[in-house]
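Here's the letter readout for the chains.
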Number of protein chains: 2
Amino acid sequence: MAKNRQWLLSSRPTGEPTAENFELVETDAPTAGTREVLVRTEYLSVDPYMRGRMRDAESYAEPWAVGDPMKAGVVGSVVESEHPDFEAGDTVTGNLLWADYAVADGDDLRPVDPDRGPISTALGVLGMPGVTAYFGTTDVAEPTAGDTVVVSAAGGAVGSVVGQIAALSGCRVVGIAGADEKIEWIESIGFDAGINYETADVRERLRETCPDGVDVYFDNVGGPITDAVWPLLNVRSRVAVCGQISTYNATETPTGPRKLMQLIQSRARVEGFLVRDYESRWDEALDRLSGWIESGDLEYEENVVEGLKNAPEAFFGLFEGTNIGKQLVRVDRA
Amino acid sequence: MAKNRQWLLSSRPTGEPTAENFELVETDAPTAGTREVLVRTEYLSVDPYMRGRMRDAESYAEPWAVGDPMKAGVVGSVVESEHPDFEAGDTVTGNLLWADYAVADGDDLRPVDPDRGPISTALGVLGMPGVTAYFGTTDVAEPTAGDTVVVSAAGGAVGSVVGQIAALSGCRVVGIAGADEKIEWIESIGFDAGINYETADVRERLRETCPDGVDVYFDNVGGPITDAVWPLLNVRSRVAVCGQISTYNATETPTGPRKLMQLIQSRARVEGFLVRDYESRWDEALDRLSGWIESGDLEYEENVVEGLKNAPEAFFGLFEGTNIGKQLVRVDRA
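What you are looking at is a predicted structure, and each value in this text was computed from that prediction instead of being measured.

Caption draft 1: View of the relation of the copies chain B and chain A. Each copy of the sequence occupies a distinct position, and chain B is placed on chain A by a rotation of 180° and an axial shift of 0.0 Å, giving an RMSD of 0.0 Å. Taken together, the rotation and translation relating the two chain copies correspond to the operation of a two-fold axis. Looking at the rotation axis and the C-alpha trace of chain B, the residue lying nearest is P257(B), at 1.9 Å.

Caption draft 2: A look at the pairing of strand β8 (residues 148-152) of chain A. Residue and element names in this part refer to chain A. A large share of β8 lies buried, amounting to five of its five residues. Pairing geometry for β8 and strand β9 (residues 172-177), over five bridges, is parallel. Following the sheet pairing, V149 is matched in β9 by V173. Following the backbone out of β8, through helix α3 (residues 159-168) and into the adjacent parallel β9, one traces a crossover that is right-handed. Pairing of β8 with strand β11 (residues 214-219), which is carried by three bridges, proceeds in the parallel orientation. From the neighbouring strand, V151 faces β11, where its bridge partner is F218.

Caption draft 3: Focus on the packing of aromatic side chains. One pass over the structure, following the stated rule, counts 22 aromatic pairs over all chains. Pairwise contacts between aromatic rings join W7(A), F22(A), W98(A), F315(A), F316(A) and F319(A) into one cluster.

Caption draft 4: Broad picture of the UniProt feature "domain: Enoyl reductase (ER)" (unreviewed entry) in chain A. Sites flagged by UniProt as "domain: Enoyl reductase (ER)" (unreviewed entry) map to residues 18-329 of chain A. Measuring from the first to the last C-alpha atom of residues 18-329 of chain A gives 17 Å, for a span that is 26% helix and 27% strand.

Caption draft 5: Examining the pattern of salt bridges more closely. This model, assessed by the stated rule, comprises 39 salt bridges over all chains. The residue R269(A) makes a salt bridge to E142(A) at a minimum N-O spacing of 2.7 Å. Within this pair, whereas R269(A) is found in strand β13 (residues 269-272), its partner E142(A) is found in the loop between α2 (128-141) and β8, the two being separated by 127 residues in sequence. Taking the relative accessible area as the measure of exposure, R269(A) reaches 13% and is therefore buried. Each of R236(A), R267(A), E142(B), R269(B), E271(B) and D277(B) takes part in a single network of salt bridges with overlapping partners.

Caption draft 6: Geometry of the domain arrangement of chain A. All names here are of chain A. Assigned domains within chain A: domain 1 (3-124 + 300-330) and domain 2 (128-276). Distance from the C-alpha centre of domain 1 to the C-alpha centre of domain 2: 28 Å. With 24 residues of domain 1 in contact, the opposing surface of domain 2 contributes 17 residues. Our count for the domain 1 to domain 2 interface comes out at zero salt bridges. Viewed at the interface, domain 2 and domain 1 are joined by seven residue pairs in polar contact (both at pLDDT 80 or more). For the side of domain 1 that touches domain 2, the per-class residue count stands at 11 nonpolar, seven polar and six charged.

Caption draft 7: Structural view of the sheet that holds strand β12 (residues 233-241) of chain B. Read from one edge of the open sheet, 12 strands run β10(A)-β9(A)-β8(A)-β11(A)-β12(A)-β13(A)-β13(B)-β12(B)-β11(B)-β8(B)-β9(B)-β10(B), paired in mixed fashion. The strands lining the two open edges of the sheet, one partner per strand, are β10 (193-196) of chain A together with β10 (193-196) of chain B. Sheet twist, expressed as the mean angle between neighbouring strand axes with direction ignored, is 15°. As paired strands, β11(A) and strand β12 (residues 233-241) of chain A are joined by five bridges and run parallel to one another. Bridging from a neighbouring strand, D219(A) pairs with V241(A) of β12(A).

Caption draft 8: View of the interface of chain B and chain A. Taken residue by residue, the interface counts 38 residues in chain B and 38 residues in chain A. Note on chain B versus chain A: buried area summed over both sides is about 3,400 Å², and carbon and sulfur give 60% of it. Among the residues of chain B in contact with chain A, R258(B), I264(B) and R267(B) are the three that bury the most area, contributing 20% of the side total. Connecting chain B to chain A are seven salt bridges. Between R236(A) and E271(B) there is a salt bridge, and its shortest N-O distance comes to 4.0 Å. The tally of links between chain B and chain A comes to nine residue pairs in polar contact (both at pLDDT 80 or more). Elements represented by at least two residues in the side of chain B that touches chain A include exactly α6 (223-229), β12, α7 (261-266) and β13 (269-272) of chain B. Direction of pairing for β13(A) relative to β13(B): antiparallel, over a ladder of three bridges. Directly across from R269(A), in β13(B), lies its bridge partner E271(B).

Criteria and thresholds
- Residues numbered from 1 in each chain as written.
- Chains lettered and ligands numbered in written order.
- Predicted model: local features only at pLDDT ≥ 70, side-chain atom pairs only at ≥ 80, totals over all residues.
- Heavy atoms only, no water.
- Least-squares fit on C-alpha atoms with pLDDT ≥ 70 in both.
- Buried < 20%, exposed > 50% of the residue type's maximum accessible area, 1.4 Å probe, protein only.
- Helix = DSSP H or I, 4+ residues; strand = E, 2+ residues; numbered from the N terminus.
- Pairing = 2+ DSSP bridges.
- Right-handed = clockwise from strand over helix to strand, strands pointing away.
- Phe/Tyr/Trp six-rings, centres within 6.5 Å; stacked < 30°, edge-to-face > 60°.
- UniProt positions renumbered as here; feature names shortened; annotations may be inferred.
- Salt bridge = Lys/Arg side-chain N within 4 Å of Asp/Glu carboxyl O.
- Domains from an automatic or database assignment.
- Contact = heavy atoms within 4.5 Å.
- Polar contact = N/O pair within 3.5 Å; in protein donor to acceptor, adjacent residues only side chain to side chain.
- Nonpolar A, V, L, I, M, F, W, Y, C, P; charged D, E, K, R; others polar.
- Axes fitted to C-alpha atoms, helices over the stretch in contact; angles between N-to-C directions.
- Buried area = accessible area lost by both parts, 1.4 Å probe.

So this is what it looks like as structure tokens:
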């Protein structure tokens, strides 16, 4: 029977997560029960939202228990299937584990067509981040031609897609990211301007790059960058609140939403959203996204870390801003 | 020729406004030019937004210049009219001055029907505050039957109307205010519960009075009270940002909007609005509001300070929370 390595949450982080919060254990691979499927992981996705699950606090989802396996979006191969929709050798994606193998109810898996492109895209541009970008843009932020759109974490899996969709909609798009390589990349794929928050005065550069103010702000980060964007919000502007990575490792309660006067001045709408609310419309997003990829209108990058043992490092990188595009782990064979 | 007393902005306040920021001067009353109307003030309105105009800062309206007359919503009598729509003796309302007399373009005045009720209501429940409450509730906050609605500054001219409209819509309504008399009053006009923020633990009382969370928050105040309400926002809840009186006298820049994670968890929508955007629908609001007054469904209070010389004191009272209902100044004869 195959050996199965898997990562457990061994303790809850305080502030930045560290290697001590994770433990790699090895057991026998599980087997599939009724209507279940055994999947061998090819790629697993590390995402900022995972930091929230490691925290013992009320949120939109249950926290993960200490001692339990780390969960992740996975794309992998069916090894064994007791579900009528799948057979051995199929490529599937679903919410599985930081592990070599995992078992899932077949109803919770989606088939992935390997002929449609690299299977890793099922975790990125054609997966949760891409779908998040799609609905956050079209349904929440609602950019229209001529709008100025600002995107934070613009070099990431979500932000890079948001900016390209907005550019396709005829908007002027300004991206904020933390490395010159990211700025160069986003400016090469349709962003009109990029701001490196590590080296530039963000407020000043925003005024320069958004001379007509900001009509849409797609907020992945919160904190000081968001504080810098809000004063530029135009009348009837929209803010889509997708993530707040700047606060995820905070050990103190963030200060309050005390700058709401800026919303009165601008009559702006600020709206939080979760991609899981769009589950029933997932295929609509995939059809649009894959159409744009085929037509050459949508580009994407993936940053692949090799080896299951390096999954925690790949996760830490999200908070260091090291990844361009989607951060993935390719799982070697145990 | 009649004498005309009027208040000038003599200096910009730092923090709380004080008597030193105002100067009362006396001149001759003005006369009406082409299409103009000379109005003798009966009541003038003091409102929190005026604090913003006294500040030399970019906002949704021009700041008032030092040395210029203080402006105000006024209801008064036409003394002299060069406009075809008005004649001497008519009662009118408009944006005039903290003064005995003022001249306005007749196109900028509205007639007030004294048979419809006390003319002072044209500055309160049937004026800007009432219309603000109406559109902020029906168009921005959108409460539906069964919703839990929280209103801050609930004993004020806007909040008291918001709560009653929400109660008429079949909502559970909780009001927050700063005095026991206000709590008693709002509980007598349809609010299900009141929280005195001066004496109660607001977070604890919110949890008690909103056991099913908060579907709508009508925010007149900002600051710590708003910080206390946000964590209770339900999925797909709405926050109408109407005012932020807690910050108007601030001498330091407010901290940022750092608690936006709560909007992701709740997928809440936070929207600022200004009543002036609803100018074209003013009559719709007045028809609804006066209908509710006639049917006994909408009650209001006015807090009248006697004498033009006391107008600054009446204004200061807004920040001390002394007024129940609409704060007005009745202008004596010079």
